[in-house]
Amino acid sequence: AAKPGIQGKQLSGLAKAIAAMSPEELIRVPQAGEQVPVQWKHNLGQGAFASLEVTPTARTALEALAPRAAAAVGLRFGSVDIVEVQDQGFMIMEINSGVMMDSLISQLGEEGAGLAKRLYGSAVLKALSR
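Residues numbered from 1 in each chain as written. Predicted model: local features only at pLDDT ≥ 70, side-chain atom pairs only at ≥ 80, totals over all residues. Heavy atoms only, no water.

Novice: Could you clarify how one ought to interpret helix α5 (residues 110-128) in this entry?
Specialist: Since the α-helix packs 3.6 residues into each turn, any two residues three or four apart lie on the same face. In this model α5 runs 27 Å from its N-terminal to its C-terminal C-alpha over 19 residues, within 8% of the 27 Å that 1.5 Å per residue would give. Of the residues making up α5, those classed as buried are Gly112, Ala113, Leu115 and Ala116. The buried side chains of α5 occupy one side of the element, clustering within an arc of 160 degrees when seen end-on. When the buried face of α5 is taken as reference, the exposed residues oriented beyond 90 degrees from it are Glu110, Lys117, Arg118, Leu125, Lys126 and Leu128. Of the surrounding elements, those touching the buried residues of α5 are α4 (102-108). (Helix = DSSP H or I, 4+ residues; strand = E, 2+ residues; numbered from the N terminus. Expected span 1.5 Å × (residues − 1). Buried < 20%, exposed > 50% of the residue type's maximum accessible area, 1.4 Å probe, protein only. Arc of directions from axis to C-beta. Contact = heavy atoms within 4.5 Å.)

Structure (C-alpha cells):
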C-alpha cells in the first residue's frame, strides 16, 4: 500500500528546491492569502495533477499546437507536454517519443484507463491505415 506524504523523487525535488532558496526566503512569512510556490510540478509522475476539463477555445488551440510541435521534430507518435502560462498562453514544455499513461491512469482511474485505450487504439488504427 502506498504511504501518504512526500516520498522518493518528490522528496529529492523538494530538497533541491529548499536548497536553492536564500536564507531570507526560508524565514519570510507569507501574507495572509498570499500564494508562495515552492516547486513548480509539471510532471504527473512528480506530483502534478491531470485535468480533462478544457474549454472549447483551449481545446481548439491545443489540437492545433500539439500536431505542429510533433511535426516540427518529425514525430509520428509521441506526446507533447503543453502548459498554459499566465499572461503568455500555451507553451510547449517537451516533446516525447514515448507515451506514458501510468500516472494519468493512476490519477483518473477508469476515466484515465478509457482515455488511454482510446488514444492507443486511435494511434494503432491510424498507423495501420498508412
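Novice: What's the story with the pattern of salt bridges in this structure? I'm lost.
Specialist: Between side chains of opposite charge, pairing is possible as soon as their charged atoms come close. Scanning all chains against the criterion turns up one salt bridge. Here Arg28 ties to Glu34 by a salt bridge, and the two come within 2.8 Å at their closest N and O atoms. (Salt bridge = Lys/Arg side-chain N within 4 Å of Asp/Glu carboxyl O.)

Novice: Whenever I open this one, a nonpolar patch on the surface confuses me. Can you help?
Specialist: Together, Ile18, Leu26 and Ile27 make up an exposed nonpolar region whose accessible area comes to about 310 Å². Topologically, Leu26 is positioned in helix α2 (residues 23-27). (Patch = residues over 30% accessible without salt bridge, like charges linked within 9 Å, V, L, I, M, F, W, Y side chains within 5 Å. Areas by Shrake-Rupley, 256 points an atom, 1.4 Å probe, with all protein chains shown as cover.)

Novice: When you look at the side chain of Ser79 in this model, what are you seeing that I'm missing?
Specialist: Topologically, Ser79 is positioned in strand β1 (residues 79-85). Among the polar contacts listed, one links the side chain of Ser79 to the backbone oxygen of Gly98, at a separation of 3.4 Å. If we ignore the near neighbours within four places in the chain, the residues touching Ser79 are Glu94, Ile95, Asn96, Gly98 and Val99. (Polar contact = N/O pair within 3.5 Å; in protein donor to acceptor, adjacent residues only side chain to side chain.)

These figures capture arrangement, not role.
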